[in-house]
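# A structural walkthrough
Residue strings, one per chain:
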Amino acid sequence: QVQLVESGGDLVQAGGSLRLSCAASGSFLTILAMAWYRQAPGKQRDLVATVTSGGTTNYADSVKGRFTIFRDSAKNTVYLQMNSLRPEDTAVYFCYADIRRSIWSRDNYWGQGTQVTVSS
């Protein structure tokens, strides 16, 4: 009974910026970690960035120095700030969350995806 809702995807020119957001709602104790994945047409879904409840972040090599993941714990929301966008960043971006619903229950959830298109 947890939902992840992404927003912020858009059409943007190369070199531009976008900020994606993902809000978790429902009944749970804590969010242990959140992440962003992306999937381009005909390709597998790849990890973009992760952030833990302790604030530890990790990034795919392809986005290091350009993207920043950060969270607002009070709002149960994670963001992905994307700068210096390139056409190869074009993909559907998916939010992921590792959530503790009870002291002995952990579950994973996916958002519905938001489209990011970067034109040359």
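Look up a bit, the structure's there.
These lines cover the structure that appears in this document, whether it is placed above or below. Keep in mind that what you see is a predicted model, and the values were worked out from it rather than measured.

## Observations regarding the packing of aromatic side chains
For the structure shown, the criterion picks out four aromatic pairs. An aromatic cluster is defined as three or more aromatic residues linked by ring pairs; in this entry it consists of Y37, Y96 and W110. Across from the ring centre of W110, 4.8 Å away, lies the NZ or CZ of R45, which sits over that ring.

## Section: the sheet that holds strand β8 (residues 77-82)
A sheet is described by the order of its strands in space; here four strands give the open sequence β1-β3-β8-β7, paired in antiparallel fashion. What marks the edges here is a single partner per strand, and that holds for β1 (2-7) and β7 (67-72). Ignoring which end each strand starts from, the neighbouring axes of this sheet average 15° apart. Taken together, the six bridges between β1 and strand β3 (residues 18-26) define a ladder with antiparallel strand orientation. Within β3, the residue paired with Q3 across the bridge is S25.

## Notes on unusual backbone geometry
Glycine aside, residues mostly have negative phi, and peptide bonds are mostly found in the trans state. Phi is positive for N76, close to 50°, though the residue is something other than glycine. Looking at the secondary structure, you find N76 in the loop between β7 and β8.

Parameters and conventions
Residues numbered from 1 in each chain as written. Predicted model: local features only at pLDDT ≥ 70, side-chain atom pairs only at ≥ 80, totals over all residues. Heavy atoms only, no water. Phe/Tyr/Trp six-rings, centres within 6.5 Å; stacked < 30°, edge-to-face > 60°. Lys NZ or Arg CZ within 6 Å of the ring centre and 35° of its normal. Pairing = 2+ DSSP bridges. Helix = DSSP H or I, 4+ residues; strand = E, 2+ residues; numbered from the N terminus. Axes fitted to C-alpha atoms, helices over the stretch in contact; angles between N-to-C directions.

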